Amino acid sequence: MQFDSRSAEGRAHGRFDALLALLACALCAVALGAAPAAAGGPVPAGPSSAIHDRIYAPAAITVAAGQTITWHNETLGPHTVTSTTELFNSGRLEGGTSYSLKFANPGTFDYYCTVHPTMKGVVTVLAIPAERVLVHVTKRGAGTTVRAQVPRSGVQAQLQVAPAHGGAFKTVARATLGSQGTASFALGGSARRRVRVLVPAAYGQPRLLSRALALS
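Note that the coordinates shown come from a computational prediction; the quantities given were computed from them, not determined experimentally. (Residues numbered from 1 in each chain as written. Predicted model: local features only at pLDDT ≥ 70, side-chain atom pairs only at ≥ 80, totals over all residues. Heavy atoms only, no water.)

Caption draft 1: How the structure looks around the overall build of the protein chain. For the protein chain, the helix and strand inventory stands at one helix and 17 strands. Expressed as a percentage of the 216 residues in the protein chain, the buried residues total 42%. Of the contacts formed within the protein chain by residues at least 6 apart in sequence, a portion of 58% connects residues at least 24 apart. (Helix = DSSP H or I, 4+ residues; strand = E, 2+ residues; numbered from the N terminus. Buried < 20%, exposed > 50% of the residue type's maximum accessible area, 1.4 Å probe, protein only. Contact = heavy atoms within 4.5 Å.)

Okay, here's the thing in structure tokens:
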């Protein structure tokens, strides 16, 4: 597993711990080789998580392989972002400092704060494009199921419908994206129409919109 991490400047003690963690991650990256380049250009920046009191907000984050997550310590006391399996460690993050980590490969990665062990979080990395909403339509009888997948979680995706031959899209259903970035919507009726899925902006990321699909 390969990671690319970077800690922001803090107090003298915080900088020293962060430097040690950074050197350890750098040595790991050198040993395991370079991250694969993203097809079609650079991978868009990933989300951020704020550390409030003794929680990560959000604590569960889903991204595409190659995206970077940044944690900001918005408290006065120190915290860490530390892998439960010793894959990465931010070192001591003093108040007002940040830690960034690039996740190159798919998988699930649990982390916690060594200063406050009850603080826990998880990162899910998916092998799907970072900037696209994947949509799959299944028809059964008079009903239609629209399934969307996007490298995000905890956000309410919106199913939008428009007339088949023009007209504005309107939101007809909402569903929260799970840890695998998926949400499903059920549509009744047999009228011809167009559908698309909108994922609102959240955690510093832009909104995403799928292509429109014609349903017969």
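Caption draft 2: Molecular detail of the pairing of strand S9 (residues 120–126). Of all seven residues that make up S9, five are buried, and the element is covered over most of its length. Across five bridges, strand S4 (residues 60–64) lies against S9 in parallel orientation. From the neighbouring strand, Thr62 faces S9, where its bridge partner is Thr124. Two elements, strand S8 (residues 107–112) and S9, share six bridges in a ladder whose sense is antiparallel. The residue bridging Thr108 from the neighbouring strand is Thr124, located in S9. (Pairing = 2+ DSSP bridges.)

Caption draft 3: Spotlight on the pattern of salt bridges. Scanning the entire structure with this criterion turns up one salt bridge. The salt bridge partner of Glu94 is Arg92, with a shortest N-O separation of 2.5 Å. Looking at Arg92, the relative accessible area reads 30%, which means it is partly exposed. (Salt bridge = Lys/Arg side-chain N within 4 Å of Asp/Glu carboxyl O.)

Caption draft 4: Quick look at the side chain of Arg193. Within the secondary structure, Arg193 sits in strand S15 (residues 193–199). Although buried, Arg193 forms no salt bridge, and the nearest oppositely charged side chain, Glu131, lies 28 Å from it. From its side chain, Arg193 meets the backbone oxygen of Gly188 in a polar contact 2.7 Å long. Sequence-distant contacts of Arg193, that is, excluding residues within four places in its chain, are made with Val161, Ala162, Pro163, Ala164, Leu187, Gly188, Leu213, Ala214 and Leu215. (Lys, Arg positive; Asp, Glu negative; His and termini not counted. Polar contact = N/O pair within 3.5 Å; in protein donor to acceptor, adjacent residues only side chain to side chain.)

Caption draft 5: Expanded view of the packing of aromatic side chains. Enumeration according to the criterion identifies five aromatic pairs in this entry. Plain terms: the ring middles of Trp71 and Tyr99 are 6.1 Å apart, the flat faces sit at 25° to each other, and that makes the pair stacked. Here Tyr99 lies in strand S7 (residues 98–103) and Trp71 lies in strand S5 (residues 68–73), a separation of 28 residues in the sequence. Pair check on accessibility: Trp71 and Tyr99 agree, each one buried. Ring geometry for Trp71 versus Tyr111: centroids 5.4 Å apart, planes at 75°, classification edge-to-face. Linking Trp71 in strand S5 with Tyr111 in strand S8, this pair joins segments that are 40 residues apart in sequence. (Phe/Tyr/Trp six-rings, centres within 6.5 Å; stacked < 30°, edge-to-face > 60°.)

Caption draft 6: Just the sheet that holds strand S14 (residues 182–187), in detail. Taken together, three strands build an open sheet; the order of strands is S10-S11-S14 and the sheet is antiparallel. Of all strands in the sheet, those bounded by a partner on one side alone are strand S10 (134–140) and S14. Each adjacent strand pair in this sheet contributes to an overall mean axis angle of 20°, direction not counted. Two strands pair when backbone bridges link them, and strand S11 (residues 143–149) and S14 are joined in this way by six bridges, in the antiparallel orientation. When the bridges of S14 are listed, Thr144 appears paired with Leu187. (Axes fitted to C-alpha atoms, helices over the stretch in contact; angles between N-to-C directions.)

Caption draft 7: Quick peek at the sheet that holds S9. Spatially, four strands are ordered S4-S9-S8-S6 in an open sheet, and the strand pairing comes out mixed. Edge positions in the sheet fall to S4 and strand S6 (82–83), since each has one partner strand and no second. Where S6 lies against S8, two bridges are found, and the strand directions are antiparallel. Note that in S8 the partner of Ser83 across the bridge is Tyr111.

Caption draft 8: Representation of the nonpolar core in the model. Grouped together as the largest cluster of nonpolar side chains are 20 residues, with contacts concentrated most on Phe185, Val197 and Val199. Counting only elements with at least two residues in this core, the list comes to S11, strand S12 (156–163), S14, S15 and strand S17 (213–215). Not counting chain neighbours up to four residues away, the residues in contact with Val199 comprise Val133, Val150, Arg152, Val155, Ala157, Leu177, Arg207 and Leu208. In terms of nonpolar packing, the next biggest core, distinct from the first, is built from 18 residues, Ile51, Ile61, Leu93 and Val123 among them. (Core = buried A, V, L, I, M, F, W, Y, C linked by side-chain atoms within 4.5 Å.)

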